[in-house]
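# Residue-level structure breakdown
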Amino acid sequence: MSIQLDIVTPEKKVYSETVDSVVLPTTSGDVGILPGHIPLITQIKAGELAISKDGALDLLAVDIGFAEVIGDTVSVLTEAAIDIEDIDLAAAEEAQKRAEQALKDAEGQDIDPDELQALEAKVRFAMVQQLAKKKGK
Amino acid sequence: MANLRDIRRRIKSVKNTSQITRAMQLVAASKMKRAQDAALAGRPYAQLLARIMGPVADGVFDFTHPFMEERTVKTRGIILVSTDKGLCGGLNGNLFRELPAKDESIKYITIGRKASQYVSRSGRDLIADFTVSDSTTFPEVKTVIEFAIKAFSEGTIDTLEVLYSAFINTLKQEPRLFPLLPISGIDVVLKSLGLENEEPDDRELNFEPSVETILSELLPLFVRREFFSMVKGAKASEHSARMVAMKSATDNANNLVDSLTLDYNKARQAAITQEILEIAAATASNS
């Protein structure tokens, strides 16, 4: 008797194997799943999945998410697993700063943005041509 | 007729340009392939989310959640997803044409340098400017959507809409304005996950800790996934638009080389004929 364990993240299916049992870190405590478990949908907190397979114990890190146990299939839905990369809090601050800077830079420029974009495209084109010419010599 | 050396130089420069555009076309093609694969790799997640969402949604009545609360709209929030670089045909131009007219009560969050430039230059209110790499990892995108959700919860913005280039196929991309928040109902969520007509599972399910808690925790996951798949679609659009633009640039350059080569041969012929004429005239006058 074994169970099918799948772990999926928004990026890909990170894990899909047949295992003997698995312990899920749910919000209401660790829950051990063996073959023949009742159908269950539960919420998972960030922690470690303990997987036992052929007598060996494996630990996999997961982020918050959900698990669905139906029949002998355990599907874990989480936003990150195994290599958990934290979201970059500084990035949001930087993004705000960049926005302020962009607005400041744009101030005082009284040009139509479409026109400016067309002009920029022309300049870029001219530059590429110059480069191509230099390379050709 | 132009002089031989000038034509030769032009042929060389056009050939070089076509080599550059051809290289860019190939790069864009491989990136497009990767972006499409990434979109497919995200399918199992959507399916599992739908499978969990279905029975959970069936089990609740009178459900309320901050994400579903319809407020009087004082400030709209729009996330504009554009590219960092140009040379992708009319992709960004078409997208920016769909922007609502300049209005003090709309706040913008942008992804991509083109969008932040356009929004700030046209004097619209830009509150944050993010960048997302070509590999489009989930944490990168999550940073953006978390910022937007925070602004929504704090009341800085009353709606959250996403304007992006939807990927239809390699030759066709379409600007699309998608209302992300507030969510008008659970059925909208299920429809968006492609689960409206599915047979409900009649097995008795247990929910831990409770259906309401699970559903309220599921909604943010759903919003983040929706946004992630939109950003991935926008990336696929960018690369395919660039590939098509570079392909036509390469074709144009090759046509130009052909017609220049024709001119060059004509000029060469003319020069040879001229020389023969001169020799013949000289011989005739000498004899």
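Residue indices follow the written sequence of each chain, beginning from 1 at its first position. Throughout, the order in which chains and ligands are written sets their labels, letters from A for the former and numbers from 1 for the latter. Only residues with pLDDT of 70 or above have their local features reported here, since the model is predicted, and side-chain atom pairs are shown and tallied only from 80 upward, although totals for entire chains, interfaces and linings are computed over all residues. Remark: hydrogens and water are excluded; side-chain values derive from all non-hydrogen atoms of the structure.

### Overview of the pattern of salt bridges
Residue and element names in this part refer to chain B. We apply this condition: Take a side-chain nitrogen of Lys or Arg and a carboxyl oxygen of Asp or Glu: if they are within 4 Å of each other, that pair is a salt bridge. Secondary structure elements follow DSSP: runs of H or I no shorter than four residues count as helices, runs of E no shorter than two count as strands, and numbering proceeds from the N terminus. In this scheme, a residue with accessible area under 20% of its type's maximum is buried, one over 50% is exposed, and one in between is partly exposed, where area comes from a 1.4 Å probe on protein chains only.
Under the defined criterion, the tally for this structure stands at 18 salt bridges over all chains. In this structure, the salt-bridge partner of Arg71 is Asp158, at a minimum N-O distance of 3.5 Å. With Arg71 in the loop between helix 2 (43–58) and strand 1 (76–81) and Asp158 in the loop between helix 5 (138–154) and strand 4 (159–169), this residue pair connects regions lying 87 residues apart in the sequence. Residue classification places Asp158 among the buried residues on the basis of a relative accessible area of 5%. Note that Arg224 is salt-bridged to Glu146, the shortest N-O span being 2.9 Å. Of this pair, Arg224 sits in helix 7 (residues 211–286) while Glu146 is found in helix 5, placing the two residues 78 residues apart along the sequence. Residue classification places Arg224 among the buried positions, given a relative accessible area of 7%. Bridged by salt links that share partners, the residues Lys31, Asp134, Lys235, Glu238 and Arg242 form one connected network.

### Details of the packing of aromatic side chains
Residue and element names in this part refer to chain B. Here is the rule: When the centres of two rings from Phe, Tyr and Trp lie within 6.5 Å, Trp using its six-membered ring, the rings pair. Their planes under 30 degrees apart give stacked, over 60 give edge-to-face, and anything left gives tilted.
The final tally for this structure, using the stated rule, is 3 aromatic pairs over all chains. Arranged with centres 4.5 Å apart and planes meeting at 20°, the rings of Phe96 and Tyr118 form a pair that is stacked. Here Phe96, found in helix 3 (residues 91–97), pairs with Tyr118, found in helix 4 (residues 113–121); they are 22 residues apart in sequence, far enough to count as distant. On the basis of relative accessibility, which here comes to 5%, the residue Phe96 falls in the buried class. Take Tyr118: its relative accessible area is 9%, and that puts it in the buried class. With 5.0 Å between their ring centres and 90° between their planes, Phe138 and Phe228 make a pair best called edge-to-face. A residue pair is termed long-range when its members are at least 10 positions apart, and Phe138 in helix 5 and Phe228 in helix 7 qualify at 90 residues.

### Some details on unusual backbone geometry
All names here are of chain B. A cis amide bond links Leu181 to the next residue, Pro182, at an omega of -10°. We note that Leu87 has phi near 55°; this positive angle belongs to a residue other than glycine. Note on placement: Leu87 falls in the loop between strand 1 and helix 3.

### Observations concerning the domain arrangement of chain B
Cut-off, in case you're wondering: The source of the domain bounds is an automatic or database domain assignment.
Its domain assignment divides chain B into domain 1 (2–26 + 245–282) and domain 2 (35–241). Distance between the C-alpha centres of domain 1 of chain B and domain 2 of chain B: 50 Å.

### Observations concerning the interface of chain B and chain A
Rules: Here, residues are in contact when the closest pair of their heavy atoms is within 4.5 Å. Computed with a 1.4 Å rolling probe, the buried area is the accessible surface lost when two parts are put together, summed over both parts. Only Asp, Glu, Lys and Arg are considered charged in this grouping, and only Ala, Val, Leu, Ile, Met, Phe, Trp, Tyr, Cys and Pro are considered nonpolar; every other residue, Gly among them, is considered polar. Strands were regarded as paired on the criterion that DSSP finds at least two bridges between them.
With 54 residues of chain B at the interface, the matching set in chain A holds 47 residues. Between chain B and chain A, a total of about 4600 Å² is buried, with carbon and sulfur atoms accounting for 63% of that surface. Linking chain B to chain A there are 4 salt bridges. Here Arg98 of chain A and Asp129 of chain B are joined by a salt bridge, their closest N and O atoms 3.4 Å apart. Elements that contribute at least two residues to the side of chain B that touches chain A include exactly helix 1 (4–41), helix 2, helix 4, strand 3 (125–130), helix 5, strand 6 (206–208) and helix 7 of chain B. Considered class by class, the residues forming the side of chain B that touches chain A number 25 nonpolar, 13 polar and 16 charged. Direction of pairing for strand 5 (residues 40–44) of chain A relative to strand 6 of chain B: parallel, over a ladder of 3 bridges. By the bridge assignment for strand 6 of chain B, Ile41 of chain A is matched with Phe207 of chain B.

### Digging into helix 5 of chain B
Residue and element names in this part refer to chain B. Using the following cut-off: Under the convention used throughout, the expected extent of a helix is 1.5 Å for every residue step, that is, one less than its residue count.
For helix 5, built from 17 residues, the straight-helix expectation of 24 Å at 1.5 Å per residue is met to within 8% by its first-to-last C-alpha distance of 24 Å. Counting buried positions over the 17 residues of helix 5 gives 12, a clear majority of the element. Turning to helix 5, its buried residues number three or more, namely Phe138, Pro139, Val141, Lys142, Thr143, Val144, Ile145, Phe147, Ala148, Ile149, Ala151 and Phe152. Among the residues trailing helix 5, Gly155 stands out with phi positive, at a value near 90°.

### Regarding the nonpolar core
Defined as follows: Nine residue types can take part in a nonpolar core, namely buried Ala, Val, Leu, Ile, Met, Phe, Trp, Tyr and Cys, and a core is a set of them joined through side-chain atoms within 4.5 Å.
Ranked by size, the top nonpolar core spans 62 residues in total, and within it Leu77 of chain A together with Phe227 of chain B carry the most contacts. When residues in this core are grouped by element, the largest group, 13 residues, is from helix 7 of chain B. Sequence-distant contacts of Leu77 of chain A, defined by excluding residues within four places in its chain, comprise Val8, Ile64, Gly65 and Phe66 of chain A together with Tyr45, Leu48, Leu49, Ile52, Leu218 and Leu221 of chain B. Among the nonpolar cores identified, the runner-up in size contains 19 residues, and Leu5, Ile7, Ile51 and Ala67 of chain A belong to it.

### Let's talk about the environment of Val211 of chain B
Residues and elements named next belong to chain B. By the secondary structure assignment, Val211 is in helix 7. When the C-alpha positions of Val211 and Gly59 are compared, they lie 6.6 Å apart, and in sequence the two are 152 residues distant. Not counting chain neighbours up to four residues away, the residues in contact with Val211 comprise Val56, Gly59 and Val60.

### Remarks on a positive patch on the surface
We count it as follows: For patch detection, residues must exceed 30% relative accessible area and be free of salt bridges, and they are connected within 9 Å for like charges or within 5 Å for nonpolar side chains (Val, Leu, Ile, Met, Phe, Trp, Tyr). Here the open area of atoms and residues is found with the Shrake-Rupley method and a 1.4 Å probe, where only the protein chains shown may cover a residue. Positive charges are assigned to Lys and Arg, negative charges to Asp and Glu, while His and the chain termini are left out of the count. Positions of charges follow a simple convention, taking NZ of Lys, CZ of Arg, CG of Asp or CD of Glu.
A cluster of basic residues, Arg5, Arg8, Arg9 and Lys12 of chain B, forms a positive patch on the protein surface. Tracing the backbone shows Arg9 of chain B in helix 1.

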